[in-house]
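Chain by chain, the residues run as shown.
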Amino acid sequence: MSAMKNSVFSQKIYSFLLAAYRWYLQTPERSLDQAYNAALKIQEIENKHFNGNKIDIDSAMYSNSVMDYFESDLNKLLKIARMRLTEFRGSRWFLNEENQKAAEKAGIEYLSPSLVLEKLNYIDQVISKYTTSSDQTTSKALVVQPPNLPVTSVTSDEKSLLVKTPTLPPKIPNQDLNNKPKGKSKTDTMGVLPRSILSTISRLQVELDPNSEQEVIQSFRQTQKRTIISLRFILLLIIIPLLTHQIAKAFVVGPIIEKFRSTQEIQIFLNSEMEEEALLELQRFEEKLKFENLIIKAPPMLPEQMETEMKNKAKELAEEFRHESSGAIKNVFADMFSVVAFIWLLLVSKSSIAVLKDFFDNIVYGLSDSAKAFIIILFTDIFVGFHSPHGWEVLLEGVSRHWGLPANRDFIFLFIATFPVILDTIFKYWIFRYLNRISPSAVATYRNMNE
């Protein structure tokens, strides 16, 4: 009977391994077909909705919602096509003559080389339209490029006024500074006409340009898309670490910690502070029982009843602090998973980080000088101000309790005496080095308000 069971089990394993091997041998053909189907769907969208032309995200043919729908489909299909092409190349690299002979024995027929080349050529023709401009439409086009010439600066200023979104001040690249001739005086750089007249002429040219309306619409869509991407990325930076922490604590770290602590002698208290808190709670419960026994008119509680109540309360406190100790250990490992998820999100979202940086730059440069000074004073008073030591103390004690560590008063006082001072020094250097050069009026307003 056991021999029959072993033979049946071995047959199931053999059939499973054979199916897996056939799936492996069919990987090049399967990946090529999936990439080809994705290219066909992209071509179908182009023919049906864009008259056979490229899917232009900035097109004014459809509304914003419709273009977002096409953009999501396009990105998904491009991702599938590129991933399957990479899988096709990698699988063909691993396949050798022995694998091809095994495929022939297994009854697997590969496509002819001419058909493979035809499909690859078609996929490249479809994808090549979006490989050169995909990065620009996702990240670079959303980052405002500072102008280098007076005409473009006036154009960008006019767009910013029409769209009502502030732009960054013009920055001079280092190459221009290095390549600039040193022997030029101010008289050599002066033109025949004043710059204000040239700026007025350039502004009139922009206003009379028939394509200016289309440019304003594209600029507005880019600004809207930049805002959506920035807000979505901020939410991801908050939600993903929190979800990772909860999922890891509940499904990964939690069962391992519970199994490990159940097999060994369980330590109820991780530190002396937990023990003192439990003893103090037990003492308060005993005093509460004695007080209630004195004020009520019922017969006095017997010592045996008192001892029973104390034992029940002690067991309840032991279970509570045992759960708290396990939760603190889980928090340590779950926080590690959260940090890894946060770092991974930053590494794979470089384009979103560039868009987010430009988004914050536009917000900061759009604030008035008094608003900038108010925000600076608010943050400095919170983190390095007179009342900041109390906040740092509460924060450090909360972190220690979160990880089950005893609150070391010497470390907390040393941290409060050094870290805010370092922050204050860095902040003053930033004001002196950068803010004083970018916005001198904001620095003057800050000094007047601070005095």
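For clarity, every value in this text was computed on a predicted model and none was experimentally measured.

1. So, the packing of helix α16 (residues 388–402) against helix α17 (residues 409–438)
- With their axes 10 Å apart at the nearest point, α16 and α17 run at an angle of 130 degrees to one another. If you check the angle between α16 and α17, you find them oblique. Here the hand of the crossing between α16 and α17 comes out right-handed. Listed contacts from α17 to P389, W392, E393, L396 and E397 of α16 are R409, I412, F413, F415, I416, F419, P420 and L423.
- A breakdown of the residues in the contact of α16 with α17 according to their chemical character gives 10 nonpolar, no polar and 3 charged.

2. Points about the confidence of the model for the protein
- When pLDDT is averaged across the protein, the result is 76; 75% of the residues are at 70 or more.
- Between the elements of the protein, mean pLDDT differs from a low of 39, seen in helix α7 (residues 150–163), to a high of 89, seen in helix α13 (residues 303–348).
- Low pLDDT (under 50) marks residues 133–189, which in the prediction has 68 contacts with non-local residues, meaning those over four places away or in another chain.

3. A few points about the environment of S400
- Looking at the secondary structure, you find S400 in helix α16.
- For the pair S400 and A328, spaced 72 residues apart in the sequence, the C-alpha separation amounts to 9.4 Å.
- Each residue touching S400, except ones within four places of it in the same chain, is listed here: L405, P406 and A407.

4. Things to note about a nonpolar patch on the surface
- On the surface, L235, I238, I239, L242, L243, I247, F251, V252, I256, F333, M336 and F337 cluster together to form a nonpolar patch covering roughly 1200 Å² of accessible area.
- Among the secondary structure elements, those contributing two or more residues to the nonpolar patch are α11 (212–263) and α13.
- Looking at the nonpolar patch element by element, the count peaks at 9 residues for α11.

5. Overview of the nonpolar core
- Counting residues in each nonpolar core, the largest one holds 21 residues, and the members touching the most others are I42, I55 and I123.
- For this core, the element with the highest residue contribution is helix α3 (residues 64–94), accounting for 8 residues.
- Ranked by size, the runner-up nonpolar core spans 8 residues in total, among them I377, F427, I431 and L435.

6. Details of α17
- Here α17 is 30 residues long and its end C-alpha atoms lie 42 Å apart, about the 44 Å a rise of 1.5 Å per residue gives.
- The sharpest bend along α17 reaches about 40 degrees and sits at I431.
- Buried within α17 we find I412, I416, P420, F427, I431 and L435.
- N-capping of α17 is provided by N408, with a side-chain oxygen placed 3.2 Å from the backbone N of D410.

7. As for helix α14 (residues 350–366)
- Its 17 residues place the ends of α14 24 Å apart at the C-alpha level, agreeing with the 24 Å of an ideal helix rising 1.5 Å per residue.
- For α14, the complete set of buried residues consists of S352, V355, L356, D358, F359, D361 and N362.

8. Structural notes on the packing of aromatic side chains
- Per the stated rule, a full pass over the model turns up 12 aromatic pairs.
- Judged by centre distance (5.7 Å) and plane angle (55 degrees), the ring pair of F269 and F321 falls under tilted. Here F269, found in the loop between α11 and α12 (272–295), pairs with F321, found in helix α13; they are 52 residues apart in sequence, far enough to count as distant.
- For F269, a relative accessible area of 22% corresponds to the partly exposed category.

Basis of the calculations
Residues numbered from 1 in each chain as written. Predicted model: local features only at pLDDT ≥ 70, side-chain atom pairs only at ≥ 80, totals over all residues. Heavy atoms only, no water. Axes fitted to C-alpha atoms, helices over the stretch in contact; angles between N-to-C directions. Helix = DSSP H or I, 4+ residues; strand = E, 2+ residues; numbered from the N terminus. Parallel < 35°, antiparallel > 145°, perpendicular 65-115°, else oblique. Left-handed = near helix turned anticlockwise from the far one by under 90°. Contact = heavy atoms within 4.5 Å. Nonpolar A, V, L, I, M, F, W, Y, C, P; charged D, E, K, R; others polar. pLDDT = per-residue confidence, 0-100. Patch = residues over 30% accessible without salt bridge, like charges linked within 9 Å, V, L, I, M, F, W, Y side chains within 5 Å. Areas by Shrake-Rupley, 256 points an atom, 1.4 Å probe, with all protein chains shown as cover. Salt bridge = Lys/Arg side-chain N within 4 Å of Asp/Glu carboxyl O. Core = buried A, V, L, I, M, F, W, Y, C linked by side-chain atoms within 4.5 Å. Buried < 20%, exposed > 50% of the residue type's maximum accessible area, 1.4 Å probe, protein only. Expected span 1.5 Å × (residues − 1). Bend = angle between axes of the 7 residues up to and from the residue. Polar contact = N/O pair within 3.5 Å; in protein donor to acceptor, adjacent residues only side chain to side chain. Phe/Tyr/Trp six-rings, centres within 6.5 Å; stacked < 30°, edge-to-face > 60°.

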